[in-house]
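# Structural characterization, general
Listed here are the chains, written in short residue letters.
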Amino acid sequence: MTYQQAGRIAIVKRIAGWIIFIPALISTVISLMLFLEKSREQREGINAVMQDFSHVMIDMIRFNTHFLDVFWNRSPVPDFSHGSNITFWIIYVLIFVGLALQASGARMWQQSRRVREGIEDQMILENAKGAEGRSRQQLEEKIVIPRHTIFLQFFSLYVLPIVIAVAGYFILKLLGYIT
């Protein structure tokens, strides 16, 4: 793959990463708000003030975000106590796939930009050699940029989802939303 192709693929990866990340994040946040709302209806008494505050905040957010009605109506409501929540977890994982795709595209973009700058620097030296110097096309033919897969984004694809899920579990357990 040439450095020009790598630059184009990097732009596509970054855009696709954001297109996957943003809706997945919105859906996950709304799913968690719906979970808090649903669990408020099931539990009464002990934390009445906190539950009423969260109910008012969630209603206010829902009222002021009519443009997100698709998410409010279709985001899966997780049941951490009993259900397997497959669709919730798939959407949750898509957040990190989008991040990994964007990071992979950013790395490819930086690499192609450095190669382009290196070719420009080398062209100055080759022009100084005169007739025996190589042409731009000869320099570009020698350069091969490796493909970057999202699976190499170790932290954002493998570590971060587990850390956030465990932290979220302990927070929900501490607040009494998970029994």
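Heads up: these notes are all about the structure in this document.

## Describing the packing of aromatic side chains
Scanning the model with the defined rule gives six aromatic pairs in all. Plain terms: the ring middles of Phe 88 and Trp 89 are 5.2 Å apart, the flat faces sit at 75° to each other, and that makes the pair edge-to-face. Note on Tyr 169 and Phe 170: the rings are 5.6 Å apart at their centroids and 65° apart in plane angle, and the pair reads as edge-to-face. Residue class for Tyr 169 comes out partly exposed when judged on its relative accessible area of 38%. What makes Phe 170 exposed here is its relative accessible area of 51%. Here a set of aromatic residues connected by ring pairs shows up, and it is made of Phe 88, Trp 89, Tyr 92 and Phe 96. Directly above the aromatic system of Trp 109 lies the positively charged group of Arg 116, at a separation of 5.8 Å from the ring centroid.

## Quick look at the nonpolar core
One finds Tyr 3, Ala 6, Ala 10, Met 108, Val 115, Ile 119, Met 123, Leu 139 and Ile 145 forming the largest nonpolar core, which totals nine residues. The dominant element in this core, judged by the number of residues it contributes, is helix α4 (residues 86-129), at four residues. Setting aside residues no more than four positions away along its own chain, Tyr 3 makes contact with Ser 112, Val 115, Arg 116, Ile 119, Arg 136, Glu 140 and Ile 145. In terms of nonpolar packing, the next biggest core, distinct from the first, is built from six residues, Ile 30, Ile 58, Leu 68 and Trp 72 among them.

## Quick word on the packing of α4 against helix α6 (residues 154-175)
Relative to each other, α4 and α6 sit at 135°, their axes nearing to 9 Å. Considering the angle they form, α4 stands oblique to α6. Relative to α6, the crossing made by α4 is right-handed. Taken together, the residues of α6 that come into contact with α4 (itself represented by Trp 89, Tyr 92, Phe 96, Val 97, Leu 99 and Ala 100) are Ser 156, Leu 157, Leu 160, Pro 161, Ile 164 and Ala 165.

## A look at the side chain of Glu 126
Mapped onto the elements of the fold, Glu 126 is located in helix α4. A relative accessible area of 2% means that Glu 126 is categorised as buried. Not counting residues up to four positions away in its chain, the partners in contact with Glu 126 are Gly 133, Arg 134 and Leu 139.

## Side note on the side chain of Glu 37
With respect to the helices and strands, Glu 37 occurs in helix α1 (residues 3-42). Excluding residues within four positions of it along the chain, Glu 37 makes contact with His 55 and Ile 58.

## Notes on a nonpolar patch on the surface
On the surface, a cluster of nonpolar side chains totalling about 400 Å² of accessible area is made up of Ile 162, Val 166, Tyr 169 and Phe 170. With respect to the helices, strands and loops of the structure, Phe 170 is situated in helix α6.

What counts as what
- Residues numbered from 1 in each chain as written.
- Predicted model: local features only at pLDDT ≥ 70, side-chain atom pairs only at ≥ 80, totals over all residues.
- Heavy atoms only, no water.
- Phe/Tyr/Trp six-rings, centres within 6.5 Å; stacked < 30°, edge-to-face > 60°.
- Buried < 20%, exposed > 50% of the residue type's maximum accessible area, 1.4 Å probe, protein only.
- Lys NZ or Arg CZ within 6 Å of the ring centre and 35° of its normal.
- Core = buried A, V, L, I, M, F, W, Y, C linked by side-chain atoms within 4.5 Å.
- Helix = DSSP H or I, 4+ residues; strand = E, 2+ residues; numbered from the N terminus.
- Contact = heavy atoms within 4.5 Å.
- Axes fitted to C-alpha atoms, helices over the stretch in contact; angles between N-to-C directions.
- Parallel < 35°, antiparallel > 145°, perpendicular 65-115°, else oblique.
- Left-handed = near helix turned anticlockwise from the far one by under 90°.
- Patch = residues over 30% accessible without salt bridge, like charges linked within 9 Å, V, L, I, M, F, W, Y side chains within 5 Å.
- Areas by Shrake-Rupley, 256 points an atom, 1.4 Å probe, with all protein chains shown as cover.
- Salt bridge = Lys/Arg side-chain N within 4 Å of Asp/Glu carboxyl O.

The analysis is restricted to geometry; functional conclusions fall outside its scope.
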